[in-house]
Amino acid sequence: MAKDSSKVRPSGSREESIVIPVRTGGEWFMRILEANGFQFLFGTTGGGMPDIQDAMTLVKPPKWIQGLHEFPTVCAAVGYALAGERPAICLIDRTVGPMNCLGGVYMGFEAFAPVVVLGSRNYPGVPVTSGSLQYHYHTTQTAFMREWCKWVHENQVLESLADDVQKAIFMAAAEPQGPVYLTLREDLMAKKVNRGVIRPAKRMKPPAPSVPRPEVLREACELLLASQNPLVVATSLGRHSRAVSALVKLAETLAMPVRDGRSFLNFPMEHHLFMGFQEIQPSWPPDCDLMFGIEHGYLPPQRPPEEAKIIDLTSDPFNVRGVQAGGDYGSTMFPADVRMLGDSQATLTALTEIAAKLIVEKRLKEIVERRREKLIEEHRRLMEDWNKEADEHLNDGPVSPYRVARELEAVWNDRTVWINIVITARSALMRNIILNKPGSYFGNPSWHLGVGCGMAYGVALARSEGYVNLQMKKGFPVGSISKPYEKVICTIGDGEAIMGNIDSCLWSCSHYGIPVLYLVMNNASWGIEWDFIAKATGGWSLKAKNYECVDIDEPRINFAELARAYDVHSERVEENDQVGEALRKALATLGEGRPALIDFILEKYTEGSSLIL
C-alpha cells in the first residue's frame, strides 16, 4: 500500500503494525485486503455485507468480481489461487452462501487451493446502522464449512479483525495449503471507527519449506539405486509449477519412468521418461520392483504393488489429499519402506544431489544409461500407440473427441492453459493434447461435477493479463500488467456445464471481458453414470434399455444459444470438418479480450429414446 502521512506507527514497534484512519469496520476490512496485495475479491452480493461493499467504492484494489451464484464464485477463487499460486479471497453471504458453495470448498480442499472464504453473519436483535433485516441466521454457520477447511473462525470483536484476517491468509498459504473460512459480523462492519490496525504482510509469511532428515533422504536414494525397474507416480506435485522441474531432474539423474496422476501437469509428455497417466484404478508393470509416490494416494481397496518396495513423499501429514475423489477418508494406508513428509520441490532437489553423488561413488552410470535407452524406446512406442488410436477415431460422428483433441493440438502453444473437467472423453483429450509446460493444466481431483465452469474464469484472471485497456474501462487494477495473456481453454461435459451454473459464469465473463473459451463436449447424457446403472444388481435398466436416469436429451441442450443470451461468441458444431475452423474463430475472439463457447455435438453415450413409452 502506498505511503500515507496520516498513518501512525506505534513507538518502538519494529514495524509490528501500522495504524490508519478508517471510518467503518467495512472500510478497515477492505484496507487490510489492499495492504495484503489482493487484486480481486470474488463474491456474490447479499444483504449481510452492505458496509463492506459500500467501502469497495473507496478501496481499489481489490476489484470486486461479481458472481451470480456462490458455487461457481468460490470455484473461480479456487482457480485463481491454483493458477496464480497465491491466496485468493472470496466473499459470500450468511447461512445460504456456505450451503450453496460447499462443493467449491470441497474442490479447493482436494486441490490444495489457498482460498480464504469470508462469510457475512448477523444476529437476531442486534441492530446495525445499515438497517438491514436480520435473516438467514444460524447458530453454527461455520459448521457447514468445517469439514473441508483447514481453519474456521468467527470474528466476534472488531479489535481482533486485523489478526483474524491475517491469520486466515496465513493458514490458507501454509503447507499443506487449503481453504479457510472466516465470518465477519454485519453489525461490526457497520460500526463507525476512527482508526484501524494493519499487520505487515511481509512478516506474516508461511513457514519455509521443510525437508526430511539427511539419513532418510539417503535411505530413499539407496533404494532407488538398488531398484531394477522403479516407477514414479505424481498426482498433486504440479500444483507448484517449480516442483515439476525438480522431478524432471531427479528422474533424469536416475533414469526413472514417471506416470502422471494428472490433477495438475506433473511431468512433460514429450520427455522420454513420461510413461502415461495413472488412473484411479491403477495397473502396474509386472516387473515393477519399486514405486515412488509423490503427492499421490490410493482409494481403498487400491494399493501400490504389494511385492514392490515403496517410497512415499507427501506434504499432507494426515494423508487425506493427493487422492482423486478421496473425500475425508483420503488415501488408504499401505506399507512403505520410506515415508517422507516435506515440501516436494525442496525434497526432490535434495534427493537429486545425493543420488548424483551415489551414482559416482557406486559406479552406476552405465546401469543408469542402459535403463535410459530402454525407456526412450518405451516412450516412443507409447506416443505412437496413442497417435494411432486417435487416427482410427478421427471421423467418429457426429463430432469425435479425438478430432477435437487433434485440432486443439494444432493451435496449442506454450501460452495456452487448459482446465479439463471432462470425464467420458477424458482419455481421448489427455492423450492427444501434448502438454509440457508446468502450470498449464488444472483438473478436478475432487470429481465434484460443476467446478470447472467457475474455475476457468478464475484461472483466466490469474493468467490472462494482456487486456489492459479493457481493465481500465471496467475499473480493473492497472500498473503491473505487460506480458501477453495466456489463452485459457476449459473442456466440460454437458452435465458439468449445467451443474456448474454455466449461465452465471458466462455472465461474469461477458460482463468483465474475461477471455475464456468453453468447449462443451455434449453427449446428451450423464455418460459416466450409465456404467454403474448397467452393472446394478438387478440389471433391469440394461435389459429394458431404459436410460431415463442418465440422458440429458429430448431436447438436447443448446449451449451455443445459451451463450448468445449473454453476448458471448458461440457456435454449435455437428460435423468433424467444422471443428478446426470453429476453434480458430473462437481463439481469435479470445485475442480480442472476449469469452467464447463451442458446443460440440458428440455421439450420445446411450442409445435410443431416454423414455419408456
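The rules behind the values
- Residues numbered from 1 in each chain as written.
- Predicted model: local features only at pLDDT ≥ 70, side-chain atom pairs only at ≥ 80, totals over all residues.
- Heavy atoms only, no water.
- Pairing = 2+ DSSP bridges.
- Helix = DSSP H or I, 4+ residues; strand = E, 2+ residues; numbered from the N terminus.
- Axes fitted to C-alpha atoms, helices over the stretch in contact; angles between N-to-C directions.
- Phe/Tyr/Trp six-rings, centres within 6.5 Å; stacked < 30°, edge-to-face > 60°.
- Buried < 20%, exposed > 50% of the residue type's maximum accessible area, 1.4 Å probe, protein only.
- Lys NZ or Arg CZ within 6 Å of the ring centre and 35° of its normal.
- Core = buried A, V, L, I, M, F, W, Y, C linked by side-chain atoms within 4.5 Å.
- Contact = heavy atoms within 4.5 Å.
- Salt bridge = Lys/Arg side-chain N within 4 Å of Asp/Glu carboxyl O.

Engineer: Can you help me understand the sheet that holds strand 13 (residues 309–314) in this one?
Structural biologist: Picture the strands of a sheet paired through backbone hydrogen bonds; they go either parallel or antiparallel. As summarised here, the arrangement of the six strands in space is 11-10-9-12-13-14, forming an open sheet in which the pairing is parallel. Pairing within the sheet leaves two strands with one partner each, and these edge strands are strand 11 (274–277) and strand 14 (338–341). Shown here is a sheet whose adjacent strand axes are inclined to one another by a mean of 15°, direction ignored. Two elements, strand 12 (residues 290–294) and strand 13, share five bridges in a ladder whose sense is parallel. Bridge pairing links Ile294 to Leu313 in strand 13.

Engineer: Teacher, can you tell me more about the sheet that holds strand 20 (residues 596–601) here?
Structural biologist: Taken together, six strands build an open sheet; the order of strands is 16-15-17-18-20-19 and the sheet is parallel. Each edge of the sheet is formed by a strand with only one pairing partner; in this case those strands are strand 16 (441–442) and strand 19 (569–573). Bridge count between strand 17 (residues 487–493) and strand 18 (residues 516–522): six bridges; the pairing is parallel. Bridge assignment links Ile492 to a residue of strand 18, and that residue is Val520.

Engineer: Quick question: what am I supposed to make of the packing of aromatic side chains here?
Structural biologist: In this description, a pair of aromatic rings is defined by centroid distance and the angle of the planes. Here the structure, examined in full by the defined rule, presents 13 aromatic pairs. A ring pair is formed by Trp418 and Tyr441, whose centres lie 5.2 Å apart and whose planes are at 85°; its orientation type is edge-to-face. Taken as a pair, Trp418 in strand 15 (residues 416–420) and Tyr441 in strand 16 lie far apart in primary sequence, 23 residues in all. When its relative accessible area of 1% is taken as the criterion, Trp418 is described as buried. Members of the aromatic cluster, joined through ring pairs, are Phe40, Phe42 and Tyr80. Of note, Arg262 hangs over the ring of Tyr441, and the distance from its end group to the ring centre comes to 4.3 Å. Here the guanidinium or amino end of Arg339 rests over the ring plane of Phe334, the centre of that ring lying 5.0 Å away.

Engineer: Explain the nonpolar core here, please?
Structural biologist: Within soluble globular proteins, side chains that are nonpolar generally end up buried alongside one another. Formed by 97 residues in total, the largest nonpolar core has its most connected members in Phe29, Phe42, Tyr457 and Tyr518. Not counting residues up to four positions away in its chain, the partners in contact with Phe42 are Trp64, Ile65, Thr73, Ala76, Ala77, Tyr80, Ile89, Cys90, Leu91, Tyr457, Gly458 and Leu461. In this structure, Val258, Leu382, Val404 and Ala586 belong to the second largest nonpolar core, which totals 77 residues.

Engineer: Would you mind going over the pattern of salt bridges with me for this structure?
Structural biologist: Close approach of charged atoms allows side chains with opposite charge to pair. For the structure on display, the rule yields 34 salt bridges. In this structure, Glu377 and Arg380 form a salt bridge, with 2.3 Å as the shortest nitrogen-oxygen distance. Of this pair, Glu377 and Arg380 both sit in helix 11 (residues 365–393), separated by three residues, roughly a single helical turn. The partly exposed category is assigned to Arg380, whose relative accessible area is 37%. A salt bridge links Arg463 to Glu486, with the nearest nitrogen and oxygen atoms 3.5 Å apart. In this pair, Arg463 sits in helix 14 (residues 451–463) while Glu486 sits in the loop between helix 15 (468–474) and strand 17, placing the two residues 23 residues apart along the sequence. Residues joined by salt bridges that share partners form a network here, namely Arg23, Glu27, Arg31 and Glu34.

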